[in-house]
Amino acid sequence: MKKNFKSLILSDLDSVIRRDPATSSRFQAILFSSGFHAIFCHRINHFLWQKKWHTLSRFLSQVTRFLTGIEIHPAASIGYGFFIDHGMGVVIGETSQIGNNVTMYQNVTLGGTKLFSKNGKISGKRHPTIGDNVIIGSGAQILGPITIGNNVKIGSNAVVVKDVEENSTVVGMAAHQINKNASHTFSAYGLEKNSTNPIEDDIDKIKRKIKELEKEIDILTPKKTK
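Residues numbered from 1 in each chain as written. Predicted model: local features only at pLDDT ≥ 70, side-chain atom pairs only at ≥ 80, totals over all residues. Heavy atoms only, no water.

Chemist: Before we go on, may I ask you to explain the sheet that holds strand β1 (residues 71-72) in this structure?
Modeler: Strand pairing in a sheet is mediated by backbone hydrogen bonds. Such pairs are either parallel or antiparallel. Read from one edge to the other, the open sheet built from five strands follows the order β1-β4-β7-β10-β13, with strand pairing classed as parallel. Across the chains shown, the open sheet's two edge strands, defined by having one partner strand only, are β1 and β13 (159-160). (Pairing = 2+ DSSP bridges. Helix = DSSP H or I, 4+ residues; strand = E, 2+ residues; numbered from the N terminus.)

Chemist: Whenever I open this one, the pattern of salt bridges confuses me. Can you help?
Modeler: Two side chains of opposite charge can pair, provided their charged atoms sit close to one another. Under the counting rule described, the total for this entry stands at five salt bridges. Notably, a salt bridge pairs E71 with R65, separated by 3.3 Å at the nearest N-O pair. A salt bridge links E212 to K209, with the nearest nitrogen and oxygen atoms 4.0 Å apart. In this pair, E212 and K209 both sit in helix α5 (residues 198-220), three residues apart, roughly one turn of the helix. (Salt bridge = Lys/Arg side-chain N within 4 Å of Asp/Glu carboxyl O.)

Chemist: Explain the packing of aromatic side chains here, please?
Modeler: Centre distance and the angle of the planes are the two values used to describe a pair of aromatic rings. The final tally for this structure, using the stated rule, is two aromatic pairs. For the pair F36 and F40, a centre-to-centre distance of 6.0 Å together with 40° between the ring planes defines the contact as tilted. Within this pair, F36 and its partner F40 are both found in helix α3 (residues 34-50), separated by four residues, close to a single helical turn. Within the aromatic cluster, the residues linked to one another by ring pairs are F5, F36 and F40. (Phe/Tyr/Trp six-rings, centres within 6.5 Å; stacked < 30°, edge-to-face > 60°.)

Chemist: When you look at a negative patch on the surface in this model, what are you seeing that I'm missing?
Modeler: On the surface, E200, D201, D202 and D204 cluster together to form a negatively charged patch. Within the fold, D204 resides in helix α5. Under the relative-accessibility criterion, D204 is labelled partly exposed at 35%. (Patch = residues over 30% accessible without salt bridge, like charges linked within 9 Å, V, L, I, M, F, W, Y side chains within 5 Å. Areas by Shrake-Rupley, 256 points an atom, 1.4 Å probe, with all protein chains shown as cover. Lys, Arg positive; Asp, Glu negative; His and termini not counted. Charge placed at Lys NZ, Arg CZ, Asp CG, Glu CD. Buried < 20%, exposed > 50% of the residue type's maximum accessible area, 1.4 Å probe, protein only.)

Honestly, it's all geometry; don't read function into it.
Following this line, the structure appears as structure tokens:
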């Protein structure tokens, strides 16, 4: 459902209250949330971009970047209830598309891969498409025109270069799936409390097997007499 400007701003404010324990009111969010400041300015810049005021919107987006440390290209499409926590170092590229109720932490990049046309100019979809109710942990890098499904959780410092199916959790560099049926509850930094890493689990199994083999070897090997 498409929201008007006032509804969008109120949904952004309320997302701060719901997901930031340090903020208890809309007034505090307006005063102290740099993430809200950035998305508020982006809503205006995006409107100007759609009206073909490209130079002005780009200039204002750079002013916003200077004031908040958050860079959002005015062409990027962002749904309602968007929340950036802490925010410093966040970069959201031009052709990024972000769904509703998305949470993003500091130093996240929605980066683009360059697609050159025959005349040498960069064109086409270059940045990620993020589904609804996605949580992106700090330092995560999501690169290229890939799709992140609904209800996905991306762990801190993950590097994601391939599509991620919905209702899953991914971690690592490059990111790999650790859960195909992630819960829909909010998880700070995109990591669930009881999540396990299958690669680490496999390594633990190998270590246990090695210890078992070492014990068997000790039993089978005759002890040297003095």
